[in-house]
Amino acid sequence: QVQLVESGGGLVQAGWSLRLSCAASGRIFSINDMGWYRQAPGKQRELVAGISSGGSTNYADLAKGRFTISRDNAKNTMYLQMNSLKPEDTAVYYCNARIRAGFGPVRDYWGQGTQVTVSS
């Protein structure tokens, strides 16, 4: 069984930084694309940033210039460095990964989410 576990969320003041981590574990054969999403209360889940297995990145406009996504393939771990946080960044942040587990097909996996709260 494959699990994604996020960590690093918390309560910070506007302008501060946080670094989120997402660790994948289990019978992993390979990890393809990974990404961070977020969902604020009353809103739909939205893409924050994505990263391919080769390290190519893409960012939503909300993240450009402030957030940096990265991954350590040896550790099956992805990160999101968030700088200059704003109150509107308050949301539950979710990790997503397309993983081939064992000899099965590639499928999407989601973490349980980590709360980020930014006070003004």
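Here we look at the overall build of the chain
Stage number 1. Tallying secondary structure elements over the chain gives 0 helices and 11 strands in all.
Stage number 2. For a compact globule of 120 residues, the expected C-alpha radius of gyration is about 14 Å, and the chain comes in at 14 Å, within 12% of that figure.
Stage number 3. Principal-axis analysis of the C-alpha atoms gives the chain an extent of 50 × 25 × 25 Å.
Stage number 4. For the chain, with 120 residues in total, the buried portion stands at 39%.
Stage number 5. Taking all contacts inside the chain whose residues are at least 6 apart in sequence as the whole, residues at least 24 apart take part in 54%.
Stage number 6. Across the chain, the centroid of the 13 positively charged side chains sits 5 Å from that of the 8 negatively charged ones.

Details of the nonpolar core
Stage number 1. Trp-36, Leu-80, Met-82 and Tyr-93 are the most contacted members of the largest nonpolar core, which has 29 residues in total.
Stage number 2. If you list the elements that add at least two residues to this core, you get β3 (18–25), β4 (28–39), β5 (46–51), β7 (67–72), β8 (77–82), β9 (91–101) and β11 (114–119).
Stage number 3. Of the residues forming this core, the biggest block, 5 residues, is contributed by β9.
Stage number 4. Among all residues touching Tyr-93, those that are not within four sequence positions of it are Glu-6, Leu-20, Trp-36, Tyr-37, Arg-38, Val-48, Phe-67, Leu-80, Met-82, Gly-113, Thr-114 and Val-116.

Structural notes on the packing of aromatic side chains
Stage number 1. Inspection of the entire model under this criterion finds 1 aromatic pair.
Stage number 2. Over the aromatic face of Tyr-94 sits the side chain of Arg-45, whose NZ or CZ is 3.7 Å from the ring centroid.
Stage number 3. It is Arg-45 that lies over the ring of Trp-110; its NZ or CZ is 4.7 Å from the centre.

So, how was this worked out
Every residue gets a number counted from 1 within its own chain, in the order that chain's sequence is written. Whole-chain, interface and lining totals are the exception, using all residues; otherwise, since this is a predicted model, local features are given only for residues with pLDDT of at least 70 and side-chain atom pairs are given and counted only at 80 or more. Note that water and hydrogens are dropped before the side-chain values are worked out from all heavy atoms of the structure. Under the scheme used here, helices are H or I runs from DSSP no shorter than 4 residues and strands are E runs no shorter than 2 residues, and both carry numbers assigned from the N terminus. In this setup the radius of gyration rests on C-alpha atoms only. A globule is expected at 2.2 Å times the number of residues raised to 0.38. We call a residue buried when its accessible area falls under 20% of the maximum for its residue type, exposed when it is over 50%, and partly exposed in between, using a 1.4 Å probe and counting protein chains only. The contact criterion used is simple: two residues touch if any of their non-hydrogen atoms lie within 4.5 Å. Under the convention used here, Asp and Glu are negative, Lys and Arg are positive, and both His and the chain ends fall outside the count. A single reference atom marks each charge: NZ on Lys, CZ on Arg, CG on Asp, CD on Glu. Nonpolar core, defined: a set of buried Ala, Val, Leu, Ile, Met, Phe, Trp, Tyr and Cys residues in which side-chain atoms within 4.5 Å join the residues together. Side-chain rings of Phe, Tyr and Trp, where Trp is taken by its six-membered ring, are said to pair if the distance between their centres is within 6.5 Å; with planes under 30 degrees apart they count as stacked, over 60 as edge-to-face, and otherwise as tilted. The rule for a charge over a ring is simple: NZ of Lys or CZ of Arg within 6 Å of the ring centre, and within 35 degrees of the ring normal.

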